[in-house]
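Chains, contacts and geometry: an overview
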Amino acid sequence: MAIVHKGASLVPSKLELITGWMPDQRWYAGKGRLPRLERVGGFRFEDPEGQVGVEVVLVADLAASPVVVYQVPLTYRGAPLEGAEHALIGTMDHSVLGPRWVYDGPHDPVYVAGLVDTILTGGQSDEAQASHGSNALAVGRPTGLTTGTVTSSRVLTGEQSNTSIICRMAAPDGGPAEPLIVKVFRIVQDGENPDVVVQSALTRAGSPRVPAAFGHLSGAWDEPSGSGAQQHGHLAFAQEFIPGVEDAWRVALVAAASGTDFTDRARELGAVTAEIHQVLAATLGRQEASAAAREALLQSMRGRYAAAVASVPALASRQSDVEALLGQVSFVAWPPLQRIHGDYHLGQVLDVPERGWVALDFEGEPLRPLAERVRPDLVQRDIAGMLRSFDYVAGSVRLSSGASTDDGPGEWAADCRLAFLDGYGSVAGELHADDRTLVRVLELDKALYEVDYEARNRPTWLPIPVEAVGRILSEKGPPG
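Here's what I pulled together on the structure shown here.

Scoring rules and cut-offs
Residues numbered from 1 in each chain as written. Predicted model: local features only at pLDDT ≥ 70, side-chain atom pairs only at ≥ 80, totals over all residues. Heavy atoms only, no water. Helix = DSSP H or I, 4+ residues; strand = E, 2+ residues; numbered from the N terminus. Rg over C-alpha atoms; globule rule 2.2 N^0.38 Å. Buried < 20%, exposed > 50% of the residue type's maximum accessible area, 1.4 Å probe, protein only. Contact = heavy atoms within 4.5 Å. Core = buried A, V, L, I, M, F, W, Y, C linked by side-chain atoms within 4.5 Å. Axes fitted to C-alpha atoms, helices over the stretch in contact; angles between N-to-C directions. Parallel < 35°, antiparallel > 145°, perpendicular 65-115°, else oblique. Left-handed = near helix turned anticlockwise from the far one by under 90°. Nonpolar A, V, L, I, M, F, W, Y, C, P; charged D, E, K, R; others polar. Pairing = 2+ DSSP bridges. Phe/Tyr/Trp six-rings, centres within 6.5 Å; stacked < 30°, edge-to-face > 60°. Lys NZ or Arg CZ within 6 Å of the ring centre and 35° of its normal. Salt bridge = Lys/Arg side-chain N within 4 Å of Asp/Glu carboxyl O.

Topic: the overall build of the protein chain
The secondary structure content of the protein chain amounts to twelve helices and 19 strands. Computed over C-alpha atoms, the radius of gyration of the protein chain comes to 24 Å, within 12% of the 23 Å expected from 2.2 N^0.38 for 480 residues, which places it in the range of a compact globule. In terms of principal-axis extent, the alpha carbons of the protein chain reach across some 75 × 50 × 45 Å. Burial statistics for the protein chain: of 480 residues in total, 51% are counted as buried. For the protein chain, long-range pairs separated by at least 24 residues make up 68% of all intrachain contacts whose partners lie at least 6 apart in sequence.

Spelled out as C-alpha cells, the structure:
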C-alpha cells in the first residue's frame, strides 16, 4: 500500500507540470495558448505493490470560454518507466521521497490495471488528499459480461478527443480472456456521455451490431464557477475489443478505387442502421418533435450556411436555394425523435467477419456541447451522414487520381447511396416524401459543416463538399 505524505512539498507543482505539458496534447481544446488551470476534483488508485503513486486529477481551464474540464491521470515513480519516455510529463522533487518521474497514466500499466479493475468489479477509487477541489470518489459500474485482470496494455495513437487503451486480459483462473478496450474521456462534462448510454442500451438489448459494453467509471467534481455545487459525469468506458478488422471507410475506399461493386455491402449497412435505430427506439424511447426542435434545426443550419459562406464566398449566390429548402422543414411531417448515433459515417463502422457491420463511437459530433448530443434527434441525421460518407469515398478517389466529377467514382457513390437507402427501407419501411426531404435537408446541413471544416483544415478536399452543396440544392427527387 502506498503511503500518502500529507503536507509534503512538490517542486514544480502538479498543476505547473500539467500546464506546460497539456498544450502539446491532441485532445487539448485551447490550441495556440497556455491553459490557466485550477484543480476541481480528483481521486487515487492503489498500487498493490506500494511502489507507484496513481492519481487522477480533474482540472478546469479557466482561460477557456466556456470553461473546459479535463481528466489527467498521473503516475508517480521513483525511477524512469522503461519504454515510456514519450509519456513522461516531467520530473518533480518530493520533499520526503526525493525525485519523482511523472507519467501520463494511460501509458502506465499500474494506472490501467487499477482503472479496469475498478470498472469490472464495481469497486471505488481511493480518496485523494488535496486541499483544493473535490476529493469525491470514482465508482465502477460493470455490466457483468466479463471479468479478469489486465496482463498488458497499449494506447491507441491518433485519437483527437479521448485516449483509448487496448488491454490484454487474464481470466480469474489464470487463462487468457477476451481483450477489451477502455476509453478515457479527456474532456469531461456534467451529465451522461452518449457513447456510454447508447452503446450500453444496445448491449442490454442483446444487439450484435455494437461492441459489447463491459462497464464504465463515473465521478464527481466541483463546478468550475465556484458555486460550491458538484458536477457528475462519465470518466471512462470499457467495451469489447475486436482485433484484426478494418473500418468500412477503408473497405469502401478499396472497392471504389478498383471500381468494384459495393451495393450489396451498402444495402447491408442500410439494414444494420435501421436495426440499430429500431433497438434504440425500443430501449430508450421516442418523443414527438416540438416546434422548438424544428426552430433549433433551422437556426443551426442558417449558422452553418453563414460559416460556409465565410469560408467559400461563392456559396452566397445559393442563399435563395438554401432558404427554399429550409422552408420545407416547417411543413413536412417529422417522425418522433429518438437517440441516434449522431456522427455516423463509414469510419464509425467495423467490418467484422461472420458478424457483419458493427457500429461504434456513439458520442455524436465531438465539437457539439454535451447537452445537444444527448437530445433525441431525427434518424434522418444518421442516414444523411452515411450518404455523405459514400460521397467522400468517391471524392477521395477522384482527388487521388485526378479524375473528373462525372466519372466512375461518382456513379459508384450514387449506386451505394441508393442501395443504402434501399437496405434501410427493407427494415424500417420505405422512406416517404417527407422523410426524403428531411434526409436532403440534413445532408445539406452536413455538407455545409464539411465546407467550413475542409476550408480550415484540408483545403485540397474542399471541392468534395462544395460540389455536394450544389448537387443537393439542385436535385428535385430523393437522395441518391
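Here we look at the nonpolar core
By size, the foremost hydrophobic cluster in this structure holds 40 residues, and its most contacted members are Phe262, Leu269, Phe390 and Trp412. At the level of elements, helix H3 (194-204), helix H4 (248-258), helix H5 (263-284), strand S19 (356-359), helix H9 (379-401) and helix H10 (408-428) are the ones that each hand at least two residues to this core. Considering each element in turn, this core owes the most residues, eight residues, to H9. Not counting residues up to four positions away in its chain, the partners in contact with Phe390 are Phe262, Ala266, Leu269, Leu346, Trp412, Ala413, Cys416, Arg417 and Phe420. Core analysis: the second largest hydrophobic core is formed by 36 residues, Phe43, Leu58, Leu115 and Leu235 among them.

Quick look at the packing of H4 against H9
When two helices pack together, their arrangement is given by the angle between the helix axes and the distance between those axes. With their axes 9 Å apart at the nearest point, H4 and H9 run at an angle of 50° to one another. Comparing the axis directions of H4 and H9 gives the class oblique. For the crossing formed where H4 meets H9, the hand is right-handed. On the side of H4, the interface is formed by Trp249, Ala252, Leu253, Ala256 and Ala257, while H9 contributes Ser389, Tyr392, Val393, Ser396 and Val397. Taken together, the residues that form the contact of H4 with H9 break down as eight nonpolar, two polar and no charged.

Some points on the sheet that holds strand S18 (residues 349-352)
Whenever strands of a sheet pair, they do so through backbone hydrogen bonds, lying parallel or antiparallel. The strand order across the open sheet formed by three strands is S15-S18-S19, and the pairing between neighbours is antiparallel. In this open sheet, the two strands that pair with only one neighbour each are strand S15 (246-247) and S19. In this sheet, S19 lies alongside S18 in antiparallel orientation, the contact comprising four bridges. Across the sheet, residue Leu350 finds its bridge partner in S19, namely Val358. Contacting S18 and S19, H5 crosses the sheet at an angle of about 45° to S19.

Examining the packing of aromatic side chains
A full pass over the atoms with the stated rule returns eleven aromatic pairs. Taken together, the aromatic side chains of Phe262, Trp357, Phe390, Trp412 and Phe420 make up a single cluster linked through ring pairs. Over the ring of Trp461 we find Arg458, and its NZ or CZ is 4.1 Å from the ring centre.

What about the pattern of salt bridges?
Here the idea is simple: oppositely charged side chains can pair when their charged atoms come close. Under the counting rule described, the total for this entry stands at 31 salt bridges. Its salt-bridge partner being Glu55, residue Lys14 comes within 2.7 Å of it at the nearest N-O pair. Here Glu55 lies in strand S3 (residues 53-61) and Lys14 lies in helix H1 (residues 14-21), a separation of 41 residues in the sequence. With a closest N to O distance of 2.6 Å, Arg381 and Asp377 form a salt bridge. Here the two residues Arg381 and Asp377 agree in accessibility, since each one is buried. Salt bridges sharing common partners tie together Arg304, Asp343, Glu365, Asp377, Arg381, Asp445 and Lys446.

Some details on the packing of helix H6 (residues 291-311) against helix H11 (residues 433-457)
Put simply, H6 and H11 touch, their axes get as near as 8 Å, and they point 35° apart. Seen from above, H6 lies across H11 with left-handed handedness. Of the residues in H11, those in contact with Leu297, Ser300, Met301, Arg304, Tyr305, Ala307, Ala308 and Ser311 of H6 are Val441, Leu442, Leu444, Asp445, Leu448, Tyr449, Val451, Asp452 and Ala455. A class-by-class count of the residues in the contact of H6 with H11 yields twelve nonpolar, two polar and three charged.

With respect to unusual backbone geometry
For residues other than glycine, phi is negative in most cases, and the peptide bonds are mostly trans. Here the bond from Ser65 into Pro66 is cis, since omega is 0°, no more than 30 degrees from zero. Of note, Pro66 is situated in the loop between S3 and strand S4 (68-77). At Glu354, a residue that is not glycine, the phi angle is positive and equals roughly 65°.

Concerning the sheet that holds strand S11 (residues 176-185)
Ordered by their spatial adjacency, six strands build an open sheet running S8-S13-S14-S11-S10-S9, and the pairing between neighbours is antiparallel. Either end of the sheet is taken by a strand with one partner, and the two such strands are strand S8 (139-142) and strand S9 (149-155). Across the sheet, the mean angle from the axis of one strand to that of its neighbour is 25°, orientation sign disregarded. Where S9 lies against strand S10 (residues 162-170), six bridges are found, and the strand directions are antiparallel. For Thr149, the partnering residue across the bridge sits in S10 and is Ala170. The strands touched by helix H2 (residues 109-121) within the sheet are S8, S9, S10, S11, strand S13 (213-222) and strand S14 (230-240), with S11 carrying the most contacts at an inclination of about 100°.

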